[in-house]
Amino acid sequence: MFTYTPTQTSSTPFSITYGTGSVSGLSATDTLHLGSLSTPLTFGLATNVSAEFSSYPMDGILGLGKGKSASQLGAPQLIEGLATGGLIEDKVYGVYLSRASDGHNDGEINFGGVNKELVDGDMNWVPSVDNDNGFWEVEVSDAGIDEDMVGFTAKSAIIDTGTSYMFLPEPDALALHKLVKGYSQEGETFTVPCDTRVEIKIQFGDTAYGISTKDWMGGTTKGGCRSNIFGRKTFGDDQWLLGDVFLKNVYAGFDLNNEKVGFGKRKSEASAGGEKEGSSTSTGEETKTSSGKLTTSISTFTPPSVLATAESTPTASETMAKATDSPSHIPPGSSPTGTNSPSTTTPSVQPFVPSPADPTSPPSSQNVAVQSAGGAEEKGGAGMLRVSVSETMAMVWGLVIAIAVV
């Protein structure tokens, strides 16, 4: 058995209750190594872990929420430490989620800037909505299918890598599915004909981004195929939660300096010898991307067999654990903060694992599951750190990066 001893521990307790599972313990400080880069990091060291964690090959969860509200330990977050130490150029990170069913296994998270090599044209940067939870939340201009838009107004979306699916309050989800010929509804779940070939589009500012049927359509159910867009209000009446179903169709950037979220059209897979990604259309000009410089690639890993328990002939979106049969992981009366940052006072309720049985894990403000492992280094521009991630594990945990704490 491996015993970990941090450089420094404190008597400050922390306790987190996730959507599924809970942890508690003391805060600790140590040196975090990402490829060739190292930075001090204060984090919660769990001494008590609920049974839900025993099924997953990960050593921790790393939060990447927005601003000081995303951390409750009174210590800098990872990206703050990397920037303060001059290891990255900007407090910006970019996310590219690969679709597991495509077989490319080329997902990545890029610290210090966005990876322009993966973006077709310029990024569309959207101001983040102010909130007290550390959420990456932006205004939504509209949504629809193909060229037929619903006409939504006054909506916002929380962008979250740690959520597998998409969650809209039921009236909004219904209005969107009404545009799909042959849809049906049962509670919060929608079913569409399995031969449906329309793109769902979400518009931010003047640019609409298409979501492929590979992602928004799930496995077969009675009467058709399940939609991975659920009619459930996770927060406010006008707040949407957009997870990996959406993110696998864009390149996403998160700018802590300027509190903005950026979306880019992914370069078509045709240029890389594969299939085309989701489309984007624009009615205005897009702003330019951030840039950075050094890159590091770290190996991905395959989730355990316990995760592959979905319906027969599952799509990539469905190779998730059915972690619970309960319709909701959120304890009654709890108010989720969505930061995955330890609370030093009363236990905080945090998101955990979304699954087909319970698709609604509230936003994790960009959670990164941590697995201790090594990796190879790629040379690139200065001021940038690039880490490979696997799409399947990103859907379960947020983004998976292999790191070692020594």
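Residues numbered from 1 in each chain as written. Predicted model: local features only at pLDDT ≥ 70, side-chain atom pairs only at ≥ 80, totals over all residues. Heavy atoms only, no water.

As named in an unreviewed UniProt entry, the chain is Peptidase A1 domain-containing protein, taken from Pseudopithomyces chartarum. Its UniProt record gives the chain a comment under Sequence similarities (unreviewed entry), which states: "Belongs to the peptidase A1 family." (UniProt positions renumbered as here; feature names shortened; annotations may be inferred.)

Draft legend 1. Layout of the sheet that holds strand β13 (residues 184-186). Taking strand neighbours across the sheet as the criterion, the 4 strands line up as β13-β14-β18-β17 in an open arrangement whose pairing is antiparallel. Every interior strand has two partners, whereas the edge strands, β13 and β17 (217-221), have only one. Between one strand axis and the next, the sheet turns through 35 degrees on average, direction left out of account. Pairing between β13 and strand β14 (residues 189-192): 3 bridges, direction antiparallel. By the bridge assignment, Gln-185 is partnered in β14 with Phe-190. (Pairing = 2+ DSSP bridges. Helix = DSSP H or I, 4+ residues; strand = E, 2+ residues; numbered from the N terminus. Axes fitted to C-alpha atoms, helices over the stretch in contact; angles between N-to-C directions.)

Draft legend 2. Representation of the pattern of salt bridges within the structure. Evaluated as defined, the whole model comprises 11 salt bridges. With its nearest N and O atoms 2.7 Å apart, the salt bridge here joins Asp-215 to Arg-99. One end of the pair, Asp-215, is in helix α3 (residues 213-216); the other, Arg-99, is in the loop between β5 (92-96) and β6 (107-111), and 116 residues separate them in sequence. Take Asp-215 and Arg-99: they sit in the same class, and that class is buried. Between Glu-147 and Lys-201 there is a salt bridge; the shortest N-O distance is 3.5 Å. In this pair, Glu-147 is assigned in the loop between β9 (142-145) and β10 (148-149) and Lys-201 in strand β15 (residues 200-204), connecting sequence segments 54 residues apart. Overlapping salt bridges bring together Arg-99, Asp-102, Lys-214, Asp-215 and Lys-248 as one network. (Salt bridge = Lys/Arg side-chain N within 4 Å of Asp/Glu carboxyl O. Buried < 20%, exposed > 50% of the residue type's maximum accessible area, 1.4 Å probe, protein only.)

Draft legend 3. Examining the pairing of β15 more closely. Judged by how many residues are buried, β15 sits mostly within the fold: 5 of 5 residues are covered. Burial of the side chains of β15 extends over both faces: Ile-200, Ile-202 and Phe-204 are buried on one face and Lys-201 and Gln-203 on the other. Relative to β15, β9 runs antiparallel, the two sharing 4 bridges. Across the sheet, Gly-144 pairs through a bridge with Lys-201, a residue of β15. Judged from the 5 bridges that link them, β15 and strand β16 (residues 207-211) form a sheet pairing that is antiparallel. By the bridge assignment for β16, Lys-201 is matched with Gly-210.

Draft legend 4. Spatial organisation of the nonpolar core. In terms of nonpolar packing, the biggest core is built from 63 residues, with Tyr-93, Phe-111, Ile-202, Phe-204, Trp-216, Phe-246 and Phe-263 touching the most fellow members. Beyond its immediate sequence surroundings of up to four residues, Phe-263 is in contact with Met-123, Asn-124, Val-126, Val-138, Ile-159, Phe-204, Tyr-209, Phe-246, Val-250 and Tyr-251. By size, the runner-up hydrophobic cluster in this structure holds 7 residues, among which are Tyr-96, Met-123, Trp-125 and Tyr-251. (Core = buried A, V, L, I, M, F, W, Y, C linked by side-chain atoms within 4.5 Å. Contact = heavy atoms within 4.5 Å.)

Draft legend 5. Seen up close, the side chain of Gln-239. On the secondary structure map, Gln-239 appears in strand β20 (residues 239-242). A distance of 2.9 Å separates polar atoms of two side chains, one belonging to Gln-239 and the other to Glu-137. In this structure, Gln-239 is in contact with Glu-137, Ser-156, Ile-158 and Pro-169, ignoring residues within four places of it in sequence. (Polar contact = N/O pair within 3.5 Å; in protein donor to acceptor, adjacent residues only side chain to side chain.)

Draft legend 6. Expanded view of the environment of Gly-81. Mapped onto the elements, Gly-81 comes out in helix α1 (residues 78-84). The sequence separation of Gly-81 and Lys-91 amounts to 10 residues, and the corresponding C-alpha distance is 9.6 Å.

Draft legend 7. Fine view of the packing of aromatic side chains. If you walk through the whole model with that rule in mind, you get 13 aromatic pairs. Ring geometry for Tyr-93 and Phe-111: centres 6.2 Å apart, planes at 45 degrees, overall tilted. With a gap of 18 residues between them, Tyr-93 in strand β5 and Phe-111 in strand β6 connect regions that are remote in the sequence. Each member of the pair, Tyr-93 as well as Phe-111, carries the same accessibility label: buried. Grouping aromatic residues by their ring pairs yields a cluster made of Tyr-93, Phe-111, Trp-136 and Phe-254. A cation over an aromatic ring shows up here: Arg-266 above the ring of Tyr-96, its NZ or CZ 4.0 Å from the ring centre. (Phe/Tyr/Trp six-rings, centres within 6.5 Å; stacked < 30°, edge-to-face > 60°. Lys NZ or Arg CZ within 6 Å of the ring centre and 35° of its normal.)

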